[in-house]
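Per-entry structural report
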Amino acid sequence: MGGQTFKQGAQAAIPTALGYVSIGLACGIMAAPYMNPFEMGLMSLLVYAGSAQFAMIGLFAQGAPILSITLTVFLINLRLLLLSLHASTIFRDFSMVQNIGMGSLLTDETYGVLMGERVHSQQILPQWMHGNNLLSYVAWFVGTVLGTALGGLLPNPENFGLDFALVAMFIGIFASQFEIMLRRVKINKLFIVLTVVGCSYLCLTILVQNSLAVLCATLLGCTVGVLLDDK
């Protein structure tokens, strides 16, 4: 039975870990003109968010003030609060310390692995989730540090366009998760939620910045999803 041991969680995370090493290499290469491997490693340990770290590198390149960088990272990572809240419902029978530990290292990808496992396993234990999270965490750290070291040997690494690697990974994750959603959620409910998210995002971009529009559209989509589930 899956979803039980640390080893099984780590095994489930192997595809994510391999992806994290490759995306981490790209992120590190992009960061090389602005920081050394130690600084990149520290960023990966403390921030641990691919999209936020790519954004930070872009802001470093523009010489943005610390406040702007902090607010940008906060808004980008705020979606993880929603993912952690949902994941906590799966582990509601376990301690707050366990849930904080799992939520602290949760990412879009490890959440996706969790949802995939949820389809096959009636019960998922915290140690499984720790294995899923920790292998991915280590893989990201190693990938970014090696990438920064490698980027220091390359002339003008920003010209390689490696920041698109993260977008490609997100597309792959979304495609696999969309298949799972089609099996678990009625198509009309899924269509309504996606329509709400898409339309609200397009409207909000006229009024607020893109990052805030994404957050608000996601919150609206989650709210509509919860209301539909109650019916």
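Now for a description of the structure that goes with this document. No experiment lies behind these values; they were computed from the predicted model shown.

1. Quick notes on the side chain of N99
Residue position: N99 is located in helix α7 (residues 96-104). Polar contacts involving the side chain of N99 include one to the main-chain carbonyl oxygen of F94, which spans 3.4 Å. Beyond its immediate stretch of four places on either side in the chain, N99 contacts S88, F91 and F94.

2. Things to note about a nonpolar patch on the surface
A cluster of nonpolar side chains, contributed by F38, L42, L45 and L46, occupies part of the molecular surface with about 450 Å² of accessible area. Inspection of the secondary structure puts L46 in helix α3 (residues 37-46).

3. Notes on the packing of aromatic side chains
Under the definition given, this model contains four aromatic pairs. Ring plane angle 70° and centroid distance 5.8 Å describe the contact between Y20 and W140, whose orientation is recorded as edge-to-face. Placement of the pair is Y20 in helix α2 (residues 14-31) and W140 in helix α9 (residues 126-151), with a sequence separation of 120 residues. A single burial state applies to Y20 and to W140, both of which are buried. On the basis of an interplanar angle of 70° and a centroid distance of 4.8 Å, the ring pair of Y48 and Y137 is categorised as edge-to-face.

4. Quick word on unusual backbone geometry
The backbone of Y48 shows a phi angle near 45°, a positive value even though the residue is not glycine. Turning to its location among the elements, Y48 is positioned in the loop between α3 and α4 (50-62). With a relative accessible area of 7%, Y48 lands in the buried category.

5. Some remarks on the state of the cysteines
In the structure shown here, the tally under the stated rule is zero disulfides. There is no disulfide at C203, and the cysteine sulfur nearest it, in C199, is 6.6 Å away.

6. A look at the nonpolar core
Counting residues in each nonpolar core, the largest one holds 23 residues, and the members touching the most others are C27, M40, Y48 and W140. Taken together, the elements giving at least two residues each to this core come down to α2, α3, α4, α5 (66-77) and α9. Looking at this core, the element that brings in the most residues is α2, giving six residues. For Y48, the residues in contact, after removing those within four places along its chain, are Y20, M43, Q53, L105, T107, N133, S136, Y137 and W140. L80, F91, V113 and M115 belong to the second-largest nonpolar core, a separate cluster that totals 14 residues.

7. What to know about the packing of α2 against α9
With their axes 6 Å apart at the nearest point, α2 and α9 run at an angle of 30° to one another. Between α2 and α9, the interaxial angle falls into the category roughly parallel. Helix-helix and strand crossings are classified by hand; for α2 and α9 the assignment is right-handed. Mapping the contact onto sequence places I14, T16, A17, Y20, V21, I23, G24, L25, C27, G28 and I29 in α2 and L135, S136, A139, W140, G143, T144, L146, G147, T148, L150 and G151 in α9. Looking at the contact of α2 with α9 residue by residue, the class counts come to 13 nonpolar, nine polar and no charged.

8. Some details on helix α6 (residues 79-90)
Those residues of α6 that fall on the buried side of the exposure criterion are L80, L83, S84, A87 and I90. The buried residues of α6 all sit within an arc of 100° when viewed along its axis, so they share a single face. The secondary structure elements touched by the buried residues of α6 are α5, α7 and α8 (108-120).

9. Quick word on the packing of α2 against α4
Axes are the key here: two packed helices are described by the angle between their axes and the distance separating the axes. One way to put it is that α2 packs onto α4 with a least axis distance of 10 Å and a crossing angle of 15°. Taken as axis vectors, α2 and α4 run roughly parallel relative to one another. In the crossing of α2 with α4, the sense of the turn from one axis to the other is left-handed. When α2 is examined against α4, the residues I23, A26, C27, M30 and A31 are found in contact with a partner set consisting of Q53, F54 and I57.

Cut-off values and rules
- Residues numbered from 1 in each chain as written.
- Predicted model: local features only at pLDDT ≥ 70, side-chain atom pairs only at ≥ 80, totals over all residues.
- Heavy atoms only, no water.
- Helix = DSSP H or I, 4+ residues; strand = E, 2+ residues; numbered from the N terminus.
- Polar contact = N/O pair within 3.5 Å; in protein donor to acceptor, adjacent residues only side chain to side chain.
- Contact = heavy atoms within 4.5 Å.
- Patch = residues over 30% accessible without salt bridge, like charges linked within 9 Å, V, L, I, M, F, W, Y side chains within 5 Å.
- Areas by Shrake-Rupley, 256 points an atom, 1.4 Å probe, with all protein chains shown as cover.
- Salt bridge = Lys/Arg side-chain N within 4 Å of Asp/Glu carboxyl O.
- Phe/Tyr/Trp six-rings, centres within 6.5 Å; stacked < 30°, edge-to-face > 60°.
- Buried < 20%, exposed > 50% of the residue type's maximum accessible area, 1.4 Å probe, protein only.
- Disulfide = S-S within 2.5 Å.
- Core = buried A, V, L, I, M, F, W, Y, C linked by side-chain atoms within 4.5 Å.
- Axes fitted to C-alpha atoms, helices over the stretch in contact; angles between N-to-C directions.
- Parallel < 35°, antiparallel > 145°, perpendicular 65-115°, else oblique.
- Left-handed = near helix turned anticlockwise from the far one by under 90°.
- Nonpolar A, V, L, I, M, F, W, Y, C, P; charged D, E, K, R; others polar.
- Arc of directions from axis to C-beta.

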